[in-house]
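Commentary on secondary and tertiary structure
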Amino acid sequence: SNVTRELYENALGRDENHAPYAINHIGALIHSKRYLDANLFADKYVENHYDRLDPRSQTIMSALRVVTNTGTGDHRMRDFYLSELSKTDNLEPSLILTLSKQLLKMKQGHVVRELLEEAHRRFPFHQMILTHLIEIELDSGASSTVGDHLNNLLKMKRPERRLLEKAYRHLASDYYIF
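Keep in mind it's a predicted model, so treat the numbers as computed, not measured. (Residues numbered from 1 in each chain as written. Predicted model: local features only at pLDDT ≥ 70, side-chain atom pairs only at ≥ 80, totals over all residues. Heavy atoms only, no water.)

In terms of helices and strands, the protein chain carries 10 helices and 0 strands. Seen along its three principal axes, the alpha-carbon backbone of the protein chain occupies a region of about 60 × 30 × 25 Å. Classification of the 178 residues of the protein chain by burial places 44% in the buried group. For the protein chain, the proportion of contacts with a sequence separation of at least 24, taken over those separated by at least 6, is 57%. Counting 24 positive and 24 negative side-chain charges, the protein chain places the averaged centre of each group 5 Å from the other. (Helix = DSSP H or I, 4+ residues; strand = E, 2+ residues; numbered from the N terminus. Buried < 20%, exposed > 50% of the residue type's maximum accessible area, 1.4 Å probe, protein only. Contact = heavy atoms within 4.5 Å. Lys, Arg positive; Asp, Glu negative; His and termini not counted. Charge placed at Lys NZ, Arg CZ, Asp CG, Glu CD.)

Below is the structure:
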């Protein structure tokens with residue numbers, strides 16, 4: 001993260017678009033599990049440069065702040081940034097998938113499920129979002145919607161065989177009898 005900090009500071013000195021460098025630095029801090037440092041840096045960056053952030057960078061910054069606030073245990077702020085993301089017009093499926101993978105690493109399956117459910121409502125024909133949602137539902141035992149989601153997945157192009165086999169094993173198990 002020293003390298004990413006140096007790259008960011010060099011970009012500041014050249015007065016170029018430094019948002020990608022700031023985002024990269026926050027990502028490096030998150031990767032190092034330095035969530036508080038990442039959160040403080042993001043807060044300071046947004047405070048000083050929000051007016052220069054393009055909409056895509058604002059969205060990415062909100063997603064990063066979901067992760068940093070999760071890492072620091074500030075669930076109120078995590079939920080605030082999740083709410084901000086849900087209101088964003090330019091939220092991309094790839095960002096949702098990346099965020100969900102990071103939150104799963106942080107043992108936030110319940111948050112990921114809500115995030116993916118919202119994403120599926122927003123992008124009902126995005127196969128990877130639906131695939132990940134079904135995976136979360138199967139892993140958590142949330143069976144109320146998994147059947148509908150599996151039906152939707154089967155209508156899409158070449159669903160993952162591995163997931164279909166997993167769904168079959170889960171749904172055929174004793175867990176779903178009652």
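This next bit is on the packing of aromatic side chains. This model, assessed by the stated rule, comprises 4 aromatic pairs. On the numbers, 6.4 Å between centres and 20° between planes, the contact of Phe-41 with Tyr-45 is stacked. In this pair, Phe-41 and Tyr-45 are both assigned in helix 3 (residues 35–49), 4 residues apart and thus about one turn of the helix distant. Here Phe-41 and Tyr-45 have matching classes, each one buried. Aromatic pair Phe-80 and Tyr-81: ring centres 5.0 Å apart, planes at 80°, arrangement edge-to-face. (Phe/Tyr/Trp six-rings, centres within 6.5 Å; stacked < 30°, edge-to-face > 60°.)

This brings us to the layout of surface pockets. Estimates place the volume of the largest pocket at around 520 Å³. Around the largest pocket, the lining comprises 22 residues; the ones closest to its centre are Ile-30, Leu-64, Val-67, Thr-98 and Gln-102. Here the lining of the largest pocket gets 7 residues from one element, more than from any other, and that element is helix 6 (residues 93–105). Its residues placed into classes, the lining of the largest pocket shows 10 nonpolar, 7 polar and 5 charged. (1 Å grid on protein atoms, 1.4 Å probe; cavity = no way out; pocket = protein on both sides within 12 Å on 5 of 7 lines; lining within 4 Å. Points joined across faces, edges and corners; volume = space filled by probe spheres on them. Nonpolar A, V, L, I, M, F, W, Y, C, P; charged D, E, K, R; others polar.)

Notably, Lys-33 is not glycine yet its phi reads approximately 60°, a positive angle. For Lys-33, the location among the structural elements is in the loop between helix 2 (19–31) and helix 3. Residue class for Lys-33 comes out exposed when judged on its relative accessible area of 61%.

Further remarks concern the side chain of His-149. Its location among the elements puts His-149 in helix 9 (residues 146–154). Ignoring any residue separated from it by four or fewer positions in sequence, one finds His-149 in contact with His-120, Leu-130, Leu-133, Ile-134 and Glu-137.

In terms of nonpolar packing, the biggest core is built from 39 residues, with Ile-26, Tyr-45, Leu-99 and Leu-103 touching the most fellow members. Elements with a minimum of two residues in this core: helix 2, helix 3, helix 4 (55–72), helix 5 (75–87), helix 6, helix 7 (109–122) and helix 8 (127–140). If we ignore the near neighbours within four places in the chain, the residues touching Tyr-45 are Tyr-8, His-18, Ala-19, Ala-22, Tyr-50, Leu-53 and Met-61. (Core = buried A, V, L, I, M, F, W, Y, C linked by side-chain atoms within 4.5 Å.)

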